[in-house]
Amino acid sequence: MSQPAIEVTGLQKRFGSQAVLKGVNLKVPAGTIFALLGPNGAGKTTLINILSTLTAPDEGVAKVAGRDIVSDKNGVKKSISLTGQFAAVDEMLTPEENLRMMGRLSGLTAAEASARARELLRQFDLVESARKKVKTFSGGMRRRLDLAISLVVPKPVLFLDEPTTGLDTISRRALWEMILKLREQGMTIFLTTQYLEEADQLADTIAVMGGGRIVALGTAQELKARIGGEVIELRNAADEVIRTLPTSGGIQDIRHLLGEVALTVPQDTKIGIRKPSLDDVFLALTANPKEEATL
Ligand SMILES: Nc1ncnc2c1ncn2[C@@H]1O[C@H](COP(=O)(O)OP(=O)(O)OP(=O)(O)O)[C@@H](O)[C@H]1O
């Protein structure tokens, strides 16, 4: 197998007395999408900032595109795009002008910059808004432009910190399509998200962060399989979920679980049984993040 696009061993970071990363280990194969999931404050942005050389680690080793993030910072910077951070969007310009400007700043000739701008406007579905000022853009359009700007000069590794936070469902799905196309073009994508569905839809590998460590690592299917067979869902009269209970799905286990809760829930509670979702995995894993995942 070719060398991983990202390789992290024993990464630690503290801010004052707060240990944010307590020994993170991970590998991201080239040409895949890796999603880092975790609750607020889990350290996801800190990890992305370290891997993109914006923050120095205290301990540990990390290589991005084969280059060391501490001893070869410039080499790493040349190999990565980081959406939303390096992208200096001028609100008073059109997306076309922004893209051309970024192209010129990146060393393209005027003709090359125009050609690349046209290509990216098409790829990110911005042709119709190409001549509107960015300040009039919706959140979804703005996010697509941020992504396009960071790709003016294509790099092998792309970091996306919560790429779809705050977007509506349609804009989110449109962005997912675009991210999947980037993988088809051979790019390695490392993204952080709080949306389990996003990780489920996009990622080849999902890592769940909790307590400063990776507490689970695998495909969406593997993570769902970890918490066993089925989930019992209890709903109130308004059809709202009031409890979920993991179960093996066997009759004895279900009888035992329902026996335990029957007296504590309203009489008109209804039950349903379904396969576990990534949400169930996430809640189960981040509730008690003591162990590190086996890598
Ligand atoms: N520069 C800093 N100085 C001090 N503390 C920091 C700094 N950066 C992050 N932290 C702290 O480190 C912890 C992890 O923050 P981080 O932003 O990495 O989490 P996150 O998983 O990205 O969360 P969110 O989803 O809310 O963005 C938080 O408690 C935060 O307050």
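The rules behind these values
- Residues numbered from 1 in each chain as written.
- Predicted model: local features only at pLDDT ≥ 70, side-chain atom pairs only at ≥ 80, totals over all residues.
- Buried ≥ 20, exposed ≤ 12 C-beta atoms within 10 Å, placed from the backbone.
- Helix = DSSP H or I, 4+ residues; strand = E, 2+ residues; numbered from the N terminus.
- Pairing = 2+ DSSP bridges.
- Axes fitted to C-alpha atoms, helices over the stretch in contact; angles between N-to-C directions.

By the naming in an unreviewed UniProt entry, the chain goes by ATP-binding cassette domain-containing protein and is assigned to Cohnella zeiphila.

Trainee: Teacher, can you tell me more about helix α1 (residues 44-51) here?
Mentor: Residue pairs three or four apart in sequence face the same way in an α-helix, which turns once every 3.6 residues. α1 sits mainly inside the fold: six of its eight residues count as buried. Here α1 has its buried residues at Lys44, Thr46, Leu47, Ile48, Ile50 and Leu51. Looking one or two places after α1, you find Thr53, whose phi comes out positive at around 70 degrees.

Trainee: Is there a simple way to think about the pairing of strand β7 (residues 157-161) in this case?
Mentor: In summary, the side chains of a regular strand alternate between the two faces of the sheet. For β7, the tally of buried residues reaches five of five residues, placing the bulk of the element in the interior. Of the two faces of β7, the one holding Val157, Phe159 and Asp161 and the one holding Leu158 and Leu160 are both buried throughout. The sheet contact formed by strand β6 (residues 80-83) and β7 spans four bridges and is parallel. Looking across to β7, one finds that Ile80 is bridged to Val157. One ladder, built from five bridges, connects β7 with strand β8 (residues 188-193); its direction is parallel.

Trainee: Help me out: how do you make sense of the sheet that holds strand β12 (residues 241-247) in this one?
Mentor: Strand pairing in a sheet relies on backbone hydrogen bonds. The paired strands run either parallel or antiparallel. Taken in spatial order, the three strands of this open sheet run β12-β11-β13, and their pairing is antiparallel. Of all the strands in the sheet, just β12 and β13 (270-274) have a single pairing partner and so form its edges. Along the sheet, successive strands turn relative to each other by an average axial angle of 20 degrees, direction set aside. As paired strands, strand β11 (residues 230-235) and β12 are joined by six bridges and run antiparallel to one another. Bridge assignment links Ile232 to a residue of β12, and that residue is Leu245.

Trainee: Is there a simple way to think about unusual backbone geometry in this case?
Mentor: Most peptide bonds take the trans form, and the phi angle of most residues other than glycine is negative. Even without a glycine there, the phi angle at Asp125 is positive, about 55 degrees. You can see Asp125 is positioned in the loop between α4 (110-123) and α5 (139-150). You can call Asp125 partly exposed: it has 16 C-beta atoms within 10 Å. One non-glycine residue with positive phi stands out, namely Asp239, at about 70 degrees.

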